[in-house]
Amino acid sequence: MNVSAAAETCQDVLSEIQTAVIGDQQRFETILTAIVGGGHVLLEDVPGTGKTLTARTLATALDLEFKRIQFTPDLLPADITGTHVYDEQAGEFEFEEGPIFANVVLADEINRAPPKTQAALLEAMGEKQVSIGGETRELPDPFFVIATQNPVEQEGTFPLPEAQVDRFMVKTTIGYPDRDGELELLERRANRETRTPDVGSVVDRDAVLDLQTVPESIGVDPEIREYLVDVCRATREDERVEVGISPRGLQRLFEASRARATIASRDYVAPEDVHAVVHPVLDHRIVLTTEADVRDVDPRSIVEGALNSVPVPSMGD
C-alpha cells in the first residue's frame, strides 16, 4: 500500500465513523493517527459523548474483533487476561482467553479499577503479549487499547500510574457536538428504528496491517528530527515540571507525526503534522511539581511553551 492509497483508506474510515458519531473530525483524525501509528488511545470525557460508540464503530469499519471490558473496583487481573480452567473430561487444565484477546479492546472507565488490575494491561500494551501461569501468550495482530476515563466521576477511582499513562500514544476527548450537530443527532435517530446506528466495514484485517506499514516509509528531514528532540527536551527544563517528556514519549511523537503525514497523503513529515499531534501525544506525559499541581497549571501550557521556545524549521523546496 502506498501513501496515497493509505490516505484514501483513512478518509473512508473517517467518513464511516462520522456516519455513526457526531463530532469534530480533527478528534477522529487524532484517534486514527494512533491506530495507523500502532499506538493506544486514552479518551477522557463526560458520559454520553460517544466514546464507546466511537471505539465500536472504528473496530467495525476496520473489520476487527472488538471486546469491551468494564473496569470496576472488584475487577481482577485474570478477568482481563484469562485463566486456566480444569476440564474434568480431559483431566487437565485448559486456558480460557480473557477479553484482552481481541484486536480492539475498549477499557471502559479504566481508572475505576485498582492499580494491580491496571498493571495487567501494561505488558499487553507494551509488548502485545500476556504472561499467565509461567506461559507467554501473543495477542492478536493488530492490537489496540482504547481506554476511557471519566473526569467527573471521581469517587471510587484510582489515578492511572505514570507508567500506564505513558503507554498511550495519544490522549484526547470526543467533546460535545455543537447545536447543529445535536440537531443532526436527533434527525438521524428519528430516521432509524434502532438506538445504535449501523456501520459497515471499509477494509479488512490484512489491509489494516498493510496500512500500519506505510508510516515506516514516511521521510523525516534532519531539521524536523532536531525540532522534535528540542521540543521534548525543552519540557524538561521548565521549572514547573517534575518529569518531562521521556525518550519513549519522543519516539511516540516521531511515530505519530509520520502517521499524521500518512493521513494527509504526504510522503514526508511537515511541521504542521507535528503541530497536529504534539498536544495529544505530549500533554498527558507531563508530570508537574507539587507546587504547579496545587496552582492547577495546565500541562498543555507547558508543551505550548516548549513549542514557542524552539524555532519552527522551514521546509525547503
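Our subject is the structure listed above.
The shown structure was predicted, so the numbers you read here are calculated from the model rather than taken from an experiment. (Residues numbered from 1 in each chain as written. Predicted model: local features only at pLDDT ≥ 70, side-chain atom pairs only at ≥ 80, totals over all residues. Heavy atoms only, no water.)

With respect to helix α13 (residues 299–309)
Logical step 1: Three or more residues of α13 are buried, namely I302, V303, A306 and L307. Around the axis of α13, the buried residues are gathered within 135° of arc, so they sit on the same side.
Logical step 2: Of the surrounding elements, those touching the buried residues of α13 are α9 (222–236), β10 (241–243), α11 (271–282) and β11 (287–288). (Buried < 20%, exposed > 50% of the residue type's maximum accessible area, 1.4 Å probe, protein only. Helix = DSSP H or I, 4+ residues; strand = E, 2+ residues; numbered from the N terminus. Arc of directions from axis to C-beta. Contact = heavy atoms within 4.5 Å.)

Considering the packing of aromatic side chains
Logical step 1: According to the stated counting rule, one finds one aromatic pair in the structure shown.
Logical step 2: Judged by centre distance (5.9 Å) and plane angle (70°), the rings of F95 and F101 are edge-to-face.
Logical step 3: A relative accessible area of 5% means that F101 is categorised as buried.
Logical step 4: The lysine or arginine in question, R137, covers the ring of F95, its NZ or CZ lying 4.1 Å from the ring centre. (Phe/Tyr/Trp six-rings, centres within 6.5 Å; stacked < 30°, edge-to-face > 60°. Lys NZ or Arg CZ within 6 Å of the ring centre and 35° of its normal.)

Considering the sheet that holds strand β8 (residues 144–149)
Logical step 1: With parallel pairing, the five strands of this open sheet are ordered in space as β2-β5-β8-β1-β9. Of all the strands in the sheet, just β2 (66–70) and β9 (170–172) have a single pairing partner and so form its edges. Taken pair by pair, the neighbouring strands of this sheet meet at an average axis angle of 20°, ignoring direction. (Pairing = 2+ DSSP bridges. Axes fitted to C-alpha atoms, helices over the stretch in contact; angles between N-to-C directions.)

Observations regarding the nonpolar core
One broad trend across soluble globular proteins is that nonpolar side chains are buried collectively.
Logical step 1: Membership of the largest hydrophobic core comes to 66 residues, with the highest contact counts inside it found for L32, L58, L62, I146, L253 and L282.
Logical step 2: Every residue in contact with L253, bar those within four places of it in the chain, is listed here: L228, C232, V277, V278, V281 and L282.
Logical step 3: Ranked by size, the runner-up nonpolar core spans 26 residues in total, among them I80, V105, A107 and V165. (Core = buried A, V, L, I, M, F, W, Y, C linked by side-chain atoms within 4.5 Å.)

Description of the packing of α9 against α11
Logical step 1: Contact geometry for α9 and α11: axes closest at 12 Å, N-to-C directions at 30°. With respect to α11, the element α9 is oriented roughly parallel. Considering how the two elements wind past one another, α9 and α11 form a crossing that is right-handed. Mapping the contact onto sequence places I224, Y227, L228, V231 and C232 in α9 and P271, V274, H275 and L282 in α11.
Logical step 2: When its residues are assigned to classes, the contact of α9 with α11 shows eight nonpolar, one polar and no charged. (Parallel < 35°, antiparallel > 145°, perpendicular 65-115°, else oblique. Left-handed = near helix turned anticlockwise from the far one by under 90°. Nonpolar A, V, L, I, M, F, W, Y, C, P; charged D, E, K, R; others polar.)

Focus: helix α10 (residues 247–263)
Logical step 1: Taking 1.5 Å per residue, 17 residues should reach 24 Å; α10 reaches 25 Å between its end C-alpha atoms and fits that length.
Logical step 2: Buried residues in α10 make contact with α1 (3–18), α2 (25–36), α9 and α11.
Logical step 3: Among the residues trailing α10, S265 stands out with phi positive, at a value near 65°. (Expected span 1.5 Å × (residues − 1).)

Structural notes on a negative patch on the surface
Logical step 1: A cluster of acidic residues, D221, E223, E226 and D230, forms a negative patch at the surface.
Logical step 2: Of the residues examined, E223 reaches a relative accessible area of 44% and is grouped as partly exposed. (Patch = residues over 30% accessible without salt bridge, like charges linked within 9 Å, V, L, I, M, F, W, Y side chains within 5 Å. Areas by Shrake-Rupley, 256 points an atom, 1.4 Å probe, with all protein chains shown as cover. Salt bridge = Lys/Arg side-chain N within 4 Å of Asp/Glu carboxyl O. Lys, Arg positive; Asp, Glu negative; His and termini not counted. Charge placed at Lys NZ, Arg CZ, Asp CG, Glu CD.)

Concerning the pattern of salt bridges
Logical step 1: The final tally for this structure, using the stated rule, is 17 salt bridges.
Logical step 2: The residue R137 makes a salt bridge to E135 at a minimum N-O spacing of 2.8 Å.
Logical step 3: The class for R137 is partly exposed, based on a relative accessible area of 25%.
Logical step 4: Owing to a relative accessible area of 38%, E135 belongs among the partly exposed residues under this scheme.
Logical step 5: With a shortest N-O distance of 3.8 Å, D273 and R260 are connected by a salt bridge. Placement of D273 in helix α11 and of R260 in helix α10 is noted, with a sequence separation of 13 residues between them.
Logical step 6: Linked by salt bridges that have partners in common, E29, R260, R266, E272 and D273 make up one network.

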